[in-house]
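Listed here are the chains, written in short residue letters.
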Amino acid sequence: MTNHVIWITASAGTGKTTALINRYKALLETCRPEQIIGITFTINAANEIKERLTHQEGGVAVFPDVTDSCPQDVESVRTGIQKKDTGSRMPNKAKAAPSFAKLREDSSVTCIDTFRIQTIHSLCHQLLSNHTGKSINILDPNEKKLLIDQALRMALNEQTELTKRLAQRFSFYHLQSLMEKIAAHLPDRQQNLKDKPRDFDFTDVPAVFEPIRPNSEIMKMFKDVMDPRLREDDAGDVSMFLTKTGEVRKRILDAATAKKHPELALMMQDEAHRLYALMQERAAQEWLYDNNLMHQLADRVWDHYQTLKRDRLDYDELIHATKIMLEDDVARYDICRQIHHVLLDEAQDTNPKQWRIIELLTQHLFDDPTTNKSFFVVGDHKQAIYGFQNASPEFMQQQKQKYKGMVGQGFVEESLEVNYRSVGTVCDYVETQCASPGVQVAREHEGFVLEVTDFDDALAKFLNDPPFLPSQNRPLELRDIMILCRKRDKTYRGIIEKYGDQIRFEQTQLLSDLPDIQKLMYQALLLAEPDNAYAAYKVAGTSTLSSSARAQLAIEDPLTISQSGCSKIRHENPIVLKEMGPRSAVSFGHLAEDDRSVLRLITTTLSHNSPLLDIVLSFVAQHTITTFQSLYWWLRAYPYTLKTISTDNPNTMRLLTMHGAKGLQAPVVFVFNDWTDYNQQDIWWDYNTMDFVIPPTKSVHHPTLTAIRQQNRTKQTAEDARLRYVAFTRAMDVLVVVANSDV
């Protein structure tokens, strides 16, 4: 049977995930689960596919294996698609789905853990661990942020000139944000610059800039004309010739003076243009110098970060290490010989580094034309919204052409063009606003699209007079509404403040903000200091203290400690971080009895919350926590964050970012479509070298910078359009587009 690639392009709502699931089911008829690798974009997507594989039968589309007589067109594959009966008029081209009995009967197959469906990072971790026979220590993203912060502080403390110059332009928190974005690209940065040198040199600029002043002879003439008594310094400076934005002033001398002294007026005008050219050159030099400093800072931060994390790998280095391992022919053969089929979901969100891993994993599939091996890809270039992770629809198209050249007639391309999610009016609106190709609509129910300027008024009308929802066969309820914002901005926060308990949203909380952790913190503090009245109050609750007692303790902020003597703990018992990675199995048998008492407190207090217990025990295994005092301060100070849902009440409106809504749907969707403030970028990318560029604060005319600016703005505009498409296509029955971001 011919080896082949099946490349599926699926618009939003056309059932691409179901197509991938049914492909997996078809492969299980002839393959063992361990011979099939499914790669998803998120953990949630992997879990959903596993659940649907074990609990759901049938589906939207089944793609059969392509035989030796693989056609040059896709007609025979199209006839192998079985569509759901939705009551609409569909092409009568279907054949029965393959039997799923094998999956049902074989208990080893129906076990979720048997399926090798995982994210690219999980797959790389598994491949590295299995091949090396060692436990690969992975750096938690939260701890990576902490280490980047520490590395940044170390770098700034050691370079005086660097600190002084950068402090003029950036706050520490801005530098923090920039370094977090840059860190993902640092593993490959030096090699990229070696392969593709920059078109300009950041280092070839002076470190000290002389002030730019007007020509002294001209200013002397001006002084003599205006008032001979003026000192030369008072006669005027550059601001006399140029505006605050750096442009040449339309009028330098007043009309009467210019008419009386035309020669001086002409000289002043020429001087203004000379100063303008000098200021432009200076702005370009300052921009190059600032970028030189920022690149020096990035290099130093990277060196310190490597020292701090020691032998642990962050997610980006995990990809890098796996690529190096798979580029070795012997290692790749050993790893890939048992892989017969690879399935890739969300191909448009896969970045070049991840694509390289997939290329190396699939190369062997096409070596022997007598075997039945395949690569199944599902993606949609219209939904590529992760450009900030360096994924792009252009690169996905390049990969498609590459595979097409590799397998020739064994390449089958198919499009899913029937939307099962949205009603026709929503699909028509998306086609008009997003310039997307039209799709067939399976749902012939009535729906509508509204464009409004007042979110509160539109929402109130929906809640006061709930419309009938065809998809739910009932009137609107709160749980049917999804609200989408561009990001967690003031609009997002305003909705939370205004609608409170009616909103369900994902929130990021510090470990120390969680009630269970606060209980553990103050129990540890009370055990360390039995006479600590504040700790006793926090453990027992407010009911044990009268208002006068609380006033006496001066308790205002929940984390304020007063009249307890605990403030000195911070100085006497600093938290010492062990520079070691997480252990695959947390073992505490080696600890002394005092240490075990700390562990008993943790396990007793958090026994009802297994996920939180696992997190705390994992961290305790990495850090020197030997006393109740150090446990308290570690929990209070450690910047670990958890994502939680604000409420367990299902009958609430969902509030999400547009990125967070990917893969979800709702009967009624409100989309805030005000993009006025989203064109500003604090970091650009030179796509030739894949190195970062800090945008200038002033208007700079530099040929390379102009090209980089235009390229970044073009990419951002295109991605914004795709993000709108993703947001609009979440709606099933009703789409409400809000033009004003005020709430």
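Quick note: structure is the one above.
Residues numbered from 1 in each chain as written. Predicted model: local features only at pLDDT ≥ 70, side-chain atom pairs only at ≥ 80, totals over all residues. Heavy atoms only, no water.

Side note on the overall build of the chain
The criterion, for reference: Only runs of H or I of at least four residues qualify as helices and only runs of E of at least two qualify as strands under DSSP, and these elements are numbered from the N terminus. For the exposure calls, accessible area comes from a 1.4 Å probe over protein chains only, and a residue counts as buried if that area is under 20% of its type's maximum, exposed if over 50%, partly exposed in between. Only heavy atoms matter for contacts: two residues are in contact if any of them lie within 4.5 Å across the pair. Computed with a 1.4 Å probe, the accessible areas rest on the Shrake-Rupley method; for each residue, only the protein chains presented here act as cover.
For the chain, the count of helices and strands is 28 helices and 19 strands. Counting only residues that meet the buried cut, the chain has 49% of its 743 residues in that class. Restricting the contact set of the chain to residue pairs at least 6 apart, pairs at least 24 apart contribute 78%. Total accessible area on the chain stands at roughly 36200 Å², and carbon and sulfur atoms take up 50% of it.

Some remarks on the pairing of strand E5 (residues 374–379)
Quick reminder of the rule: When DSSP locates at least two bridges between a pair of strands, those strands are taken to pair.
By the criterion of burial, E5 is predominantly enclosed, with six of the six residues buried. Both faces of E5 are covered, namely the face carrying Ser374, Phe376 and Val378 and the face carrying Phe375, Val377 and Gly379. Across four bridges, strand E4 (residues 341–344) lies against E5 in parallel orientation. Within the sheet, the bridge partner assigned to His341 lies in E5 and is Ser374.

What to know about unusual backbone geometry
Despite not being glycine, Arg310 has its phi angle at roughly 55°, a positive value. Here Arg310 is to be found in the loop between helix H13 (262–309) and helix H14 (315–326). Overall, Arg310 belongs to the exposed group, its relative accessible area being 51%. Unusually for a residue other than glycine, Glu346 sits at a positive phi of about 55°. Looking at the element boundaries, Glu346 is found in the loop between E4 and helix H16 (352–362).

A closer look at the sheet that holds strand E1 (residues 4–10)
Our working definition: Axis angles are defined between N-to-C directions and span 0 to 180 degrees, where every axis is a line fitted to C-alpha atoms and, for a helix, only to the segment in contact.
Across the sheet, six strands lie side by side as E3-E2-E4-E5-E1-E6; this open sheet has parallel pairing. Sheet topology places strand E3 (116–119) and strand E6 (411–416) at the edges, where each strand pairs with a single neighbour. Strand-to-strand, the axes of this sheet are offset by a mean angle of 15°, without reference to chain direction. Bridge count for strand E2 (residues 36–40) against E3 is four bridges, and the pairing is parallel. Looking at the pairing, Ile37 lines up with Arg116 of E3. With respect to the sheet, helix H1 (residues 16–28) is in contact with E1, E2, E3, E4, E5 and E6, its orientation differing from that of E5 by roughly 165°. The strands that helix H6 (residues 120–132) touches are E2 and E3; relative to E3, the one it contacts most, it runs at about 115°.

A few points about helix H11 (residues 216–226)
Each turn of an α-helix holds 3.6 residues, which means side chains three or four residues apart point in the same direction. Selection rule: The arc in question is the one traced by the directions running from the helix axis out to the C-beta atoms. Within 3.5 Å is the distance limit for a polar contact, defined as a pair of N or O atoms, with the added protein rule that one can donate a hydrogen and the other accept it, and that residues adjacent in sequence qualify only through two side-chain atoms.
For H11, the complete set of buried residues consists of Ile218, Met219, Phe222 and Lys223. The arc enclosing the buried residues of H11, seen along the axis, measures out at 140°, which places them on a common side. Elements that come into contact with the buried residues of H11 comprise H13. If you check the start of H11, you find a side-chain oxygen 3.1 Å away from the backbone N of Ile218, and it comes from Asn215.

A word on the packing of helix H7 (residues 141–158) against H13
Rules: Convention used here: angles under 35 degrees read as roughly parallel, angles over 145 as roughly antiparallel, angles from 65 to 115 as roughly perpendicular, and any remaining angle as oblique. Crossing handedness: left-handed means the near helix sits turned counterclockwise from the far one by under a right angle, and right-handed means the same turn made clockwise. Each residue receives one of three labels: charged for Asp, Glu, Lys and Arg, nonpolar for Ala, Val, Leu, Ile, Met, Phe, Trp, Tyr, Cys and Pro, and polar for the others, Gly being one of them.
Close contact between H7 and H13 brings their axes to 8 Å; oriented N to C, the two are set at 125°. Judged on the interaxial angle alone, H13 and H7 are oblique. The two elements H7 and H13 cross, and the hand of that crossing is right-handed. Where H7 abuts H13, its residues Lys144, Leu147, Ile148, Gln150, Ala151, Leu152, Met154, Ala155, Leu156 and Glu158 lie against Leu297, Arg300, Val301, His304, Tyr305, Leu308 and Lys309. When its residues are assigned to classes, the contact of H7 with H13 shows 11 nonpolar, two polar and four charged.

A few points about the sheet that holds strand E14 (residues 641–645)
In space, the seven strands of this open sheet follow the order E9-E19-E16-E12-E15-E13-E14, with mixed pairing throughout. Single-partner strands in this sheet number two, and they are strand E9 (448–452) and E14. Along the sheet, successive strands turn relative to each other by an average axial angle of 25°, direction set aside. Sheet topology note: the E9/strand E19 (residues 731–738) ladder contains five bridges and is parallel. Bridge pairing in E19 places Leu450 opposite Val736. Against the sheet, helix H20 (residues 490–499) makes contact with strand E12 (481–485), strand E13 (503–510), strand E15 (653–657) and strand E16 (666–672), and its axis sits at roughly 160° relative to E15, the strand it touches most.

Observations regarding the packing of aromatic side chains
Spelled out, the test is: Within 6.5 Å between ring centres, the rings of Phe, Tyr and Trp (the latter by its six-membered ring) count as paired, and their orientation is classed by plane angle as stacked under 30 degrees, edge-to-face over 60, tilted in between.
Under the defined criterion, the tally for this structure stands at 14 aromatic pairs. With a centroid separation of 5.0 Å and an interplanar angle of 50°, the aromatic rings of Phe375 and Tyr403 are classed as tilted. In this pair, Phe375 is assigned in strand E5 and Tyr403 in helix H17 (residues 393–407), connecting sequence segments 28 residues apart. Note on Phe375: relative accessible area 0%, which makes it buried. The buried category is assigned to Tyr403, whose relative accessible area is 1%. Here the aromatic residues Phe448, Phe455, Phe462, Tyr499, Phe670 and Phe672 are joined through ring pairs into a cluster of three or more.

A closer look at the nonpolar core
What counts, and what does not: Buried residues of nine kinds, namely Ala, Val, Leu, Ile, Met, Phe, Trp, Tyr and Cys, make up a nonpolar core once their side-chain atoms join them within 4.5 Å.
Core analysis: the largest hydrophobic core is formed by 37 residues, its most contacted members being Trp355, Phe375 and Tyr403. Here Phe375 is in contact with His4, Val5, Ile6, Val342, Leu344, Trp355, Ile358, Thr362, Leu365, Phe366 and Tyr403, once residues within four sequence places are set aside. Formed by 30 residues, the second largest nonpolar core is a distinct cluster that contains Ala535, Leu599, Leu601 and Leu613.

Some points on the pairing of E19
With eight of eight residues buried, E19 lies mostly within the body of the structure. As judged from the six bridges shared by E16 and E19, these two strands associate in the parallel manner. Bridge pairing links Val671 to Val737 in E19.

What to know about the pattern of salt bridges
Here is the rule we go by: Salt bridges are identified by distance alone: a Lys or Arg side-chain nitrogen within 4 Å of an Asp or Glu carboxyl oxygen.
Taken as a whole, this structure holds 29 salt bridges when the rule is applied. Glu359 serves as the salt-bridge partner of Arg356, at 3.5 Å between the closest nitrogen and oxygen. With Arg356 and Glu359 both in helix H16 and three residues apart, this pair spans about one turn of that helix. Judged by relative accessible area, Arg356 falls into the partly exposed class, the value being 25%. You can call Glu359 buried: its relative accessible area is 11%. Between Glu719 and Arg722 there is a salt bridge, with the nearest N and O atoms lying 3.6 Å from each other. With Glu719 and Arg722 both in helix H28 (residues 703–728), this residue pair falls three residues apart, about one helical turn. Classification of Glu719 by relative accessible area gives buried; the value is 12%. With relative accessibility at 14%, the residue Arg722 sits in the buried group. Counted as one network, the salt bridges with shared partners bring together Lys16, Asp345, Glu346, Asp349 and Lys662.

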